[in-house]
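Here is how the chains run, residue by residue.
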Amino acid sequence: AAIGEGRVSVDGLSDGLLPTTTVRPFCRIALDGIIVHERRAYYVLLNKPAGVVSATRDAAAVCAVDILARSGQPTDSSTQAADLVAWRGELCIAGRLDRWTTGLLLLTNDGRFARRVTDGGGSVE
């Protein structure tokens, strides 16, 4: 009923919404102008030092996400690195570097984007 009455909006749009409308993972949903769901996509570039594994969890080694937790530096105006560690279960790494290789890693909670970047069959513009 709320959708038909125009009380629900997705990313600010309420016209044309149906009960069967597909909602993307990173969107803002509001009911009567009050946000009831909002999830931001995070993209973090990390300069991985030697000895750190390209993983979000590893019981035997220091992981890329552990580096974020230690830095405590803001990644943008509203997000602290420690906040991203809370997303640890949702973070994925786009690409891999060997444990002893240094280089740039992309960490994100946007799994679809990470797959597009790392899968060889597609292209990213």
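The coordinates are above.
Residues numbered from 1 in each chain as written. Predicted model: local features only at pLDDT ≥ 70, side-chain atom pairs only at ≥ 80, totals over all residues. Heavy atoms only, no water.

**Concerning the side chain of T108**
Working step 1: Mapped onto the elements of the fold, T108 is located in strand β6 (residues 103-108).
Working step 2: Polar contacts involving the side chain of T108 include one to the main-chain carbonyl oxygen of Y42, which spans 2.7 Å.
Working step 3: A polar atom in the side chain of T108 sits 2.9 Å from the backbone nitrogen of D110.
Working step 4: In contact with T108, not counting residues within four places along its chain, are Y42, Y43, E90, L91, C92 and A114. (Helix = DSSP H or I, 4+ residues; strand = E, 2+ residues; numbered from the N terminus. Polar contact = N/O pair within 3.5 Å; in protein donor to acceptor, adjacent residues only side chain to side chain. Contact = heavy atoms within 4.5 Å.)

**Quick word on the environment of C27**
Working step 1: Looking at where C27 falls in the secondary structure, it is placed in the loop between β1 (8-10) and β2 (28-31).
Working step 2: Distance in space between the C-alpha atoms of C27 and R39 is 6.3 Å, their sequence separation being 12 residues.
Working step 3: Ignoring sequence-local partners within four residues, the contact set of C27 consists of V10, D11, H37, E38 and R39.

**Overview of the side chain of S54**
Working step 1: You can see S54 is positioned in the loop between β4 (43-48) and α1 (64-71).
Working step 2: Residue classification places S54 among the buried positions, given a relative accessible area of 9%.
Working step 3: Looking at S54, its side chain comes within polar contact range of the main-chain oxygen of L97, at 2.9 Å.
Working step 4: When neighbours within four sequence positions are excluded, S54 is seen to be in contact with K48, I93, R96, L97 and L105. (Buried < 20%, exposed > 50% of the residue type's maximum accessible area, 1.4 Å probe, protein only.)

**A closer look at the pattern of salt bridges**
Working step 1: Counted by the stated rule, this structure contains 4 salt bridges.
Working step 2: Close ionic contact of R24 with D11 constitutes a salt bridge, the shortest N to O distance being 2.5 Å. Taken together, the positions of R24 in the loop between β1 and β2 and D11 in the loop between β1 and β2 put the pair 13 residues apart, joining distant regions of the chain.
Working step 3: Since its relative accessible area comes to 49%, R24 is described here as partly exposed.
Working step 4: Here the salt bridges share partners, and the residues they tie into one network are E5, R7 and D32. (Salt bridge = Lys/Arg side-chain N within 4 Å of Asp/Glu carboxyl O.)

**Considerations on the pairing of strand β3 (residues 34-38)**
Working step 1: In this structure, β2 lies alongside β3, joined through 4 bridges in antiparallel fashion. Bridged to A30 within β3 is I35.
Working step 2: Between β2 and β3, which follow one another and run antiparallel, lie 2 residues, and D32 among them has a positive phi close to 55 degrees. (Pairing = 2+ DSSP bridges.)

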